[in-house]
Amino acid sequence: MKLFLLRHAQANDTWPDSDRALTRFGEEQVGKLCRILEKREFENVAQIWHSPFARAARTAEIFKECMNLQAPLVPSPEIRPDENPHAAARMIASVSCFGRDLIVVSHNPLLENLSDILLNGEKRGGKTAFGKCSIAALTMQSPPSQDGEYGFWSLDFLISPSVISD
């Protein structure tokens, strides 16, 4: 199983937090990221889970459209910014047996903590940094077991549009 962790793109600085829409630049960030990714990397994606916050939902929509994905968008309240990353890791582990890939579109601090948990077995605080509109690909090396509640994962790549030139 591959897991793609995508942080939402740049959003307006408005209130309430859950309603913050992407800026025009944020929408362009997602397009820029999609242009450098290989569409074939995402052929096995079964679902796209996204936080119900507006900026994450819109990032997921644009990503799905740009990458021409058929996978459904699934709003997931369990992956909002301050949710429990261990609970998110358990949710991911619970679907790992289906043999399909998953995209999770969310926020910090959840994504950085989730990545730490999957790669290191514990939350260490931002060892994998997710700037806005960054994407990481993780591959499950072995499924969940007594030895590893969430399975064992490796990092394939971490890309941020801020380091990509047009």
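My aim in this report is to walk through the structure given alongside it, one point at a time. Note that the structure is a prediction, hence the values are computed from the model and not measured.

1. A word on the overall build of the protein
In step 1: Looking only at helices and strands, one finds four helices and six strands in the protein.
In step 2: Starting at the N terminus and ending at the C terminus, the protein contains elements arranged as β-α-β-α-β-α-β-α-β-β.
In step 3: In summary, the protein has a C-alpha radius of gyration of 15 Å against a globular reference of 15 Å for 166 residues, a match within 12%.
In step 4: Overall, the protein is about 45 × 35 × 30 Å in size when its C-alpha atoms are taken along their principal axes.
In step 5: Sequence-distant contacts, at least 24 apart, represent 71% of the contacts inside the protein between residues at least 6 apart.
In step 6: Accessible surface for the protein amounts to roughly 8100 Å². Of this, 47% is attributable to carbon and sulfur atoms.
In step 7: For the protein, the distance from the average position of its 18 positive side-chain charges to the average position of its 21 negative side-chain charges is 3 Å.

2. Observations concerning the sheet that holds strand 4 (residues 101-106)
In step 1: As summarised here, the arrangement of the six strands in space is 3-2-4-1-5-6, forming an open sheet in which the pairing is mixed. On the outer flanks of this sheet lie strand 3 (73-75) and strand 6 (152-159), each paired with one strand and no other. Averaged over neighbouring strand pairs, the angle between their axes works out to 20° when direction is ignored.
In step 2: Relative to strand 4, strand 2 (residues 45-50) runs parallel, the two being bridged by five bridges. Along strand 4, the bridge assignment pairs Gln 47 with Leu 102.
In step 3: Together, strand 1 (2-7), strand 2, strand 3, strand 4 and strand 5 (135-142) form the strand contacts of helix 2 (residues 54-66), whose direction differs from that of strand 2 by roughly 155°.

3. Remarks on helix 4 (residues 110-120)
In step 1: Counted residue by residue, helix 4 has nine buried out of 11 residues, so it is predominantly covered.
In step 2: Listed as buried for helix 4 are Leu 110, Leu 111, Glu 112, Asn 113, Leu 114, Ser 115, Asp 116, Ile 117 and Leu 118.
In step 3: On its buried side, helix 4 packs onto strand 1, helix 3 (85-95), strand 4, strand 5 and strand 6.
In step 4: Phi turns positive one or two residues past the end of helix 4, at Gly 121, with a value near 85°.

4. Digging into the packing of helix 1 (residues 24-36) against helix 2
In step 1: Between helix 1 and helix 2, the shortest axis-to-axis distance is 9 Å and the interhelical angle comes to 35°. Viewed along their axes, helix 1 and helix 2 form a crossing whose handedness is right-handed. Along its contact with helix 1, which presents Glu 27, Val 30, Gly 31 and Cys 34, the element helix 2 presents Arg 58, Thr 59, Ile 62, Phe 63 and Cys 66.
In step 2: Class assignment for the residues of the contact of helix 1 with helix 2 results in five nonpolar, two polar and two charged.

Rules used throughout
- Residues numbered from 1 in each chain as written.
- Predicted model: local features only at pLDDT ≥ 70, side-chain atom pairs only at ≥ 80, totals over all residues.
- Heavy atoms only, no water.
- Helix = DSSP H or I, 4+ residues; strand = E, 2+ residues; numbered from the N terminus.
- Rg over C-alpha atoms; globule rule 2.2 N^0.38 Å.
- Contact = heavy atoms within 4.5 Å.
- Areas by Shrake-Rupley, 256 points an atom, 1.4 Å probe, with all protein chains shown as cover.
- Lys, Arg positive; Asp, Glu negative; His and termini not counted.
- Charge placed at Lys NZ, Arg CZ, Asp CG, Glu CD.
- Pairing = 2+ DSSP bridges.
- Axes fitted to C-alpha atoms, helices over the stretch in contact; angles between N-to-C directions.
- Buried < 20%, exposed > 50% of the residue type's maximum accessible area, 1.4 Å probe, protein only.
- Left-handed = near helix turned anticlockwise from the far one by under 90°.
- Nonpolar A, V, L, I, M, F, W, Y, C, P; charged D, E, K, R; others polar.

Keep in mind these numbers describe shape, not what the thing actually does.
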